[in-house]
Amino acid sequence: MGALHTYNVTVDWTGADERGTASYTAYSRDHEVRAEGKPTILATSDLKVRADVSRYRVEELFVGALSQSQMLWFLRTAATEGVVVTSYVDHVTGTMRVEGSGAGPLVEVVLRPRVTYAEPMGIEGAARLHRTAREHNHLARSVNFPVRVEPVEAEQI
């Protein structure tokens, strides 16, 4: 068994008023996500119920975390293999299936990174970097739905 890493985060519901959760529509879903020494993330729920659209939704943060993990593994893989990446932008989409109860699971996340390289990079070489990064993406390996990587055509500056 390998080393264990621990991540401490505080989630603080800030949407309470004097009525609390007296009814499903009575309370705000606003909350804060904090980690010591870092800026606070203002978050809320999906748009269906008392959500502040200026705050991040839980689902957006989750999908974004999968993309961040892929990007970080990709950059590490590129650097290790001597490939210079000068830009990485991912337009990621998470899809949730809403079931009869109004809740449901995410059924897939599709990452669409657009990577710019300092030197020409063939399609096979770029695909290998993406594949290796995906194999190491610890967050994507932790979920029970597909996380697909569909890179946009690689570019050179």
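The sections below set out a description of the structure shown in this document.

As summarised here, the arrangement of the three strands in space is 6-7-9, forming an open sheet in which the pairing is mixed. Pairing within the sheet leaves two strands with one partner each, and these edge strands are strand 6 (93-96) and strand 9 (147-149). Across this sheet, the average inter-strand angle for adjacent strands is 15°, counted without regard to direction. With three bridges connecting them, strand 7 (residues 106-111) and strand 9 associate as parallel partners.

It is worth spelling out the packing of helix 1 (residues 58-80) against helix 2 (residues 123-136) at this point. Between helix 1 and helix 2, whose axes approach to 8 Å, the crossing angle comes to 125°. Between helix 1 and helix 2, the crossing angle belongs to the class labelled oblique. The two elements helix 1 and helix 2 cross, and the hand of that crossing is right-handed. On helix 2, the residues touching Q70, W73, F74, T77 and A78 of helix 1 are A126, L129, H130, T132, A133, R134 and H136. Of the residues assigned to the contact of helix 1 with helix 2, the class counts are six nonpolar, five polar and one charged.

For strand 8 (residues 113-117), the tally of buried residues reaches four of five residues, placing the bulk of the element in the interior. Bridge count between strand 5 (residues 85-90) and strand 8: five bridges; the pairing is antiparallel. Pairing of Y88 across the sheet is with V115, part of strand 8.

Moving on to the nonpolar core. In terms of nonpolar packing, the biggest core is built from ten residues, these being W73, F74, A78, V83, Y88, V115, Y117, A126, L129 and A133. Within the residue set of this core, elements represented by two or more residues are helix 1, strand 8 and helix 2. In this structure, L66, L111, A140 and F145 belong to the second largest nonpolar core, which totals eight residues.

About the cut-offs
- Residues numbered from 1 in each chain as written.
- Predicted model: local features only at pLDDT ≥ 70, side-chain atom pairs only at ≥ 80, totals over all residues.
- Heavy atoms only, no water.
- Pairing = 2+ DSSP bridges.
- Helix = DSSP H or I, 4+ residues; strand = E, 2+ residues; numbered from the N terminus.
- Axes fitted to C-alpha atoms, helices over the stretch in contact; angles between N-to-C directions.
- Parallel < 35°, antiparallel > 145°, perpendicular 65-115°, else oblique.
- Left-handed = near helix turned anticlockwise from the far one by under 90°.
- Contact = heavy atoms within 4.5 Å.
- Nonpolar A, V, L, I, M, F, W, Y, C, P; charged D, E, K, R; others polar.
- Buried < 20%, exposed > 50% of the residue type's maximum accessible area, 1.4 Å probe, protein only.
- Core = buried A, V, L, I, M, F, W, Y, C linked by side-chain atoms within 4.5 Å.

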